[in-house]
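Coordinates in review
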Amino acid sequence: MKGIWLFSTSISVMCSLELVWQSSWLLSVLIIAITGTGWSFVRWIKVVIFLFIFSGPLFIVQWFLLPGTDTIGSILGTELTREAFQLSLVLTMRALTLSFSSILFASTTASRDVITVLVHYLRIPQRFAYAVALALRFMPLLVDEARRIRAAQQRRQLTPSANVYIWIDRRYNYLIAVANSMANRIRYIVMAMEGKQFDGATTRTVWRKLDFSCRAITMATLTVVAMIVTIIFG
Amino acid sequence: MKRRKNEIFFLKKNRSFCKLTLADWVLMALLAAANGVPTSILSWFNKLLHSLGGPLLTSTTVGLYMIYGLLAMYIIRKPGVALFTYALGACIEIVMGTAYGPLIALAAAMCYAVVAELFFFLFRYRQFHWVAILYVSIAMVPLWFIVVSFLLGYRYYNVTIFMLTLIIRCISGLLLCGVPTKIIGDRLMVTRALRPFVFARSDDSPNGEDA
């Protein structure tokens, strides 16, 4: 249901360039975040600062760069127009809605729920869904391994080089080391999976099931309806 | 002409060539995972670049988003590899949280995948030399640029900025995707760590046919 909400929100804000629609969608995302996430005050402050760091300068830069005819002022020889102001505001709101909804989804959804939905409800091919599961499972391991390789390389190269070519070469060496370690890991994973007859059957039993509450279904339906309304009238 | 017919026959009849093995899937998954974390962070950095320098500055990092699919194709060399790898990468990005939203992540992945698959099909999955890789890395840019100009509003900028953005994206695709893909792939080839893949048994491999 959260996926439906996320995609509907994204499609809606992409379809409209009206200030009213954009602000309505941003407001709806904010209301959902306030009522549904249960974030602490400190976390809210962090998120707001984080989003403002991106959206504030974005709005100003776009106002300077976007074209327009109705001049309302001038700064450093650049004409500031009313059309550019409106369009910049709309595009900034769109960016904010996309970013914020994505943060909400990522921070409130367990990755195993995403896999269950892919396999059980969306009927995505098993191999693809399990590849997603595998990627998610091995992400922390890869990050840890990359960190260890970097630490080892830093200890060997006691003084950092100012030469750009050496710096690039060292970055490549680092990437190669990580990729090589990853390739070795692939061999072990494949051997283990083949040993467990991963390819033995075309279908798999999925024990985990998701319960969708009436509230969630209503919310998803309302979002889809709102998306259709935005596409038609926005 | 006869060679072309033989190669089409090879693609149609040799199922083992077209079928993705478990090792292929694991490699694609791990490349998508290896790309998922950096691109998820990079998307926020890109947002900041967009704030500071508009579409010109944000376009400089485009190549980094494309590298994993091309690298997977370079190593595995089978039909559908780019499509599945980019799709996996998009899924990971969505789960990790991206600054541009799920629609952009999926659309970008599909645009890159379509172009990469098309060109490697035209190359019959056999041309993986420098020119082919660099050509594909540049060719992947324009389709996504056209789509993104509608989705993110680049089309509202004037023609000079629009064209400069496209040129910067092409250069970024070349330098940050094509060149690293070839270099990383070739250096990996020497290590013999990727022996289960077509790449290690190809003609350009120093390991030769029996690797």
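Up top you'll find the structure we're talking about.
A few points on the structure.

About the criteria used
- Residues numbered from 1 in each chain as written.
- Chains lettered and ligands numbered in written order.
- Predicted model: local features only at pLDDT ≥ 70, side-chain atom pairs only at ≥ 80, totals over all residues.
- Heavy atoms only, no water.
- Axes fitted to C-alpha atoms, helices over the stretch in contact; angles between N-to-C directions.
- Helix = DSSP H or I, 4+ residues; strand = E, 2+ residues; numbered from the N terminus.
- Left-handed = near helix turned anticlockwise from the far one by under 90°.
- Nonpolar A, V, L, I, M, F, W, Y, C, P; charged D, E, K, R; others polar.
- Buried < 20%, exposed > 50% of the residue type's maximum accessible area, 1.4 Å probe, protein only.
- Lys, Arg positive; Asp, Glu negative; His and termini not counted.
- Salt bridge = Lys/Arg side-chain N within 4 Å of Asp/Glu carboxyl O.
- Contact = heavy atoms within 4.5 Å.
- Bend = angle between axes of the 7 residues up to and from the residue.
- Patch = residues over 30% accessible without salt bridge, like charges linked within 9 Å, V, L, I, M, F, W, Y side chains within 5 Å.
- Areas by Shrake-Rupley, 256 points an atom, 1.4 Å probe, with all protein chains shown as cover.
- Pairing = 2+ DSSP bridges.
- Buried area = accessible area lost by both parts, 1.4 Å probe.
- Polar contact = N/O pair within 3.5 Å; in protein donor to acceptor, adjacent residues only side chain to side chain.

All names here are of chain B. Put simply, helix α4 (residues 62-76) and helix α8 (residues 159-191) touch, their axes get as near as 8 Å, and they point 35° apart. The two elements α4 and α8 meet at a crossing, and its hand is right-handed. Of the residues contributing to the contact of α4 with α8, the split by class is 14 nonpolar, 6 polar and 3 charged.

Let us now look at the side chain of R169(B). Residue and element names in this part refer to chain B. Mapped onto the fold, R169 is located in helix α8. Here R169 is buried and forms no salt bridge, its nearest opposite-charge partner E93 lying at an N-O distance of 12 Å. Leave out the neighbours within four places in its chain, and R169 touches S59, V62, V141, W144, F145, V148 and Y154.

It is worth spelling out the pattern of salt bridges at this point. In total, this model carries 4 salt bridges over all chains according to the counting rule given. A salt bridge links D186(B) to K182(B), with the shortest nitrogen-to-oxygen separation between them at 3.7 Å. Taken together, the residues span about one helical turn, with D186(B) and K182(B) both in helix α8 at a distance of 4 residues. Take D186(B): its relative accessible area is 26%, and that puts it in the partly exposed class. Each of D144(A), R147(A) and R148(A) takes part in salt bridges that share partners, so that together they form one network.

Turning to α4(B), a few remarks are in order. All names here are of chain B. At Y68, α4 shows its maximal kink, close to 35°. Summarising burial for α4: 14 of the 15 residues are buried, a large majority. Downstream of α4 by one or two residues, R77 has phi in the positive range, about 60°.

Let us now look at a nonpolar patch on the surface. The grouping of V225(A), I228(A), V229(A), I231(A), I232(A) and F233(A) at the surface amounts to a nonpolar patch, some 560 Å² of accessible area in total. Mapped onto the secondary structure, I231(A) falls in helix α8 (residues 214-233).

Across a regular strand the side chains alternate sides, sitting on one face of the sheet and then on the other. All names here are of chain A. Here 4 bridges tie strand β1 (residues 71-75) to strand β2 (residues 78-81), and the two strands are oriented antiparallel to one another. Among the inter-strand pairings, I75 is bridged to a residue of β2, identified as T78. The antiparallel pairing of β1 with β2 creates a hairpin that spans 2 residues between the two strands, and L76 there sits at a positive phi of about 55°.

Attention now moves to the interface of chain B and chain A. Each side of the interface is counted separately: chain B has 56 residues, and chain A has 58 residues. A buried area of about 4900 Å², summed over both sides, lies between chain B and chain A, and 79% of it is on carbon and sulfur atoms. Where chain B packs against chain A, one counts 0 salt bridges. Inspection of the chain B/chain A interface yields 1 residue pair in polar contact (both at pLDDT 80 or more). Going through the elements one at a time, α3 (22-58), α5 (81-96), α6 (101-122), α7 (130-151) and α8 of chain B are the ones with two or more residues in the side of chain B that touches chain A.

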